[in-house]
Amino acid sequence: MRAGERARADAMTEAANSLAAALSRLRRFEEARSLLRNTIPLAQRVVGHPIVGEDRELTLIMKLTYAKCLYKDDGATLDDLREAVTTLEDTERIARRVLGGAHPFTLAVERNLRNARFALRAHETPPPGSA
């Protein structure tokens, strides 16, 4: 990828991340997920770039935001919750390797992974007396 293409990819992924974060804060989870589903693969393909790429912090932030949009949605399905857990497990592994276990971002991913797992267990467990 040439320098000009990298600059465009960088600007696009940063803008998409900002928009997705704003949509998430507004609880417009489906719109944020759709945007991130289209943008994360682009960010992951930018190899050798200091900001984006599979192991770069912006890509990890986007994956965290995507997972949060999955598990925090009141209408989340079992598949959504499983995808959130899987995404966070992958993000946590990469963050731990790249940033270290004590990095605030890694700790935030771990906290969200616990929350997503709790949401998944709650969704999988039938309410008492419903058997």
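Residues numbered from 1 in each chain as written. Predicted model: local features only at pLDDT ≥ 70, side-chain atom pairs only at ≥ 80, totals over all residues. Heavy atoms only, no water.

### Concerning unusual backbone geometry
Most peptide bonds take the trans form, and the phi angle of most residues other than glycine is negative. The phi dihedral of Arg27 falls on the positive side, at around 65°, and the residue is not glycine. For Arg27, the location among the structural elements is in the loop between α1 (3–25) and α2 (29–45). (Helix = DSSP H or I, 4+ residues; strand = E, 2+ residues; numbered from the N terminus.)

### Things to note about the environment of Gly101
Tracing the backbone shows Gly101 in the loop between α4 (78–99) and α5 (104–124). The exposure class assigned to Gly101 is partly exposed, which follows from its relative accessible area of 28%. Once you skip the residues sitting within four places of it in the chain, Gly101 turns out to touch Arg96, Thr106 and Leu107. (Buried < 20%, exposed > 50% of the residue type's maximum accessible area, 1.4 Å probe, protein only. Contact = heavy atoms within 4.5 Å.)

### As for the confidence of the model for the chain
Per-residue confidence for the chain gives a mean pLDDT of 88; residues scoring 70 or more make up 89%. Between the elements of the chain, mean pLDDT differs from a low of 85, seen in α1, to a high of 97, seen in α5. (pLDDT = per-residue confidence, 0-100.)

### A short note on the nonpolar core
Leu36, Met62, Tyr71, Ala84, Leu88, Phe105 and Ala116 are the most contacted members of the largest nonpolar core, which totals 28 residues. For this core, the secondary structure elements donating two or more residues are α1, α2, α3 (57–71), α4 and α5. Ranked by residues supplied to this core, first place goes to α3 with 9 residues. Discounting chain neighbours no more than four positions away, the residues touching Leu88 are Leu64, Ala67, Tyr71, Val109, Asn112, Leu113 and Ala116. (Core = buried A, V, L, I, M, F, W, Y, C linked by side-chain atoms within 4.5 Å.)

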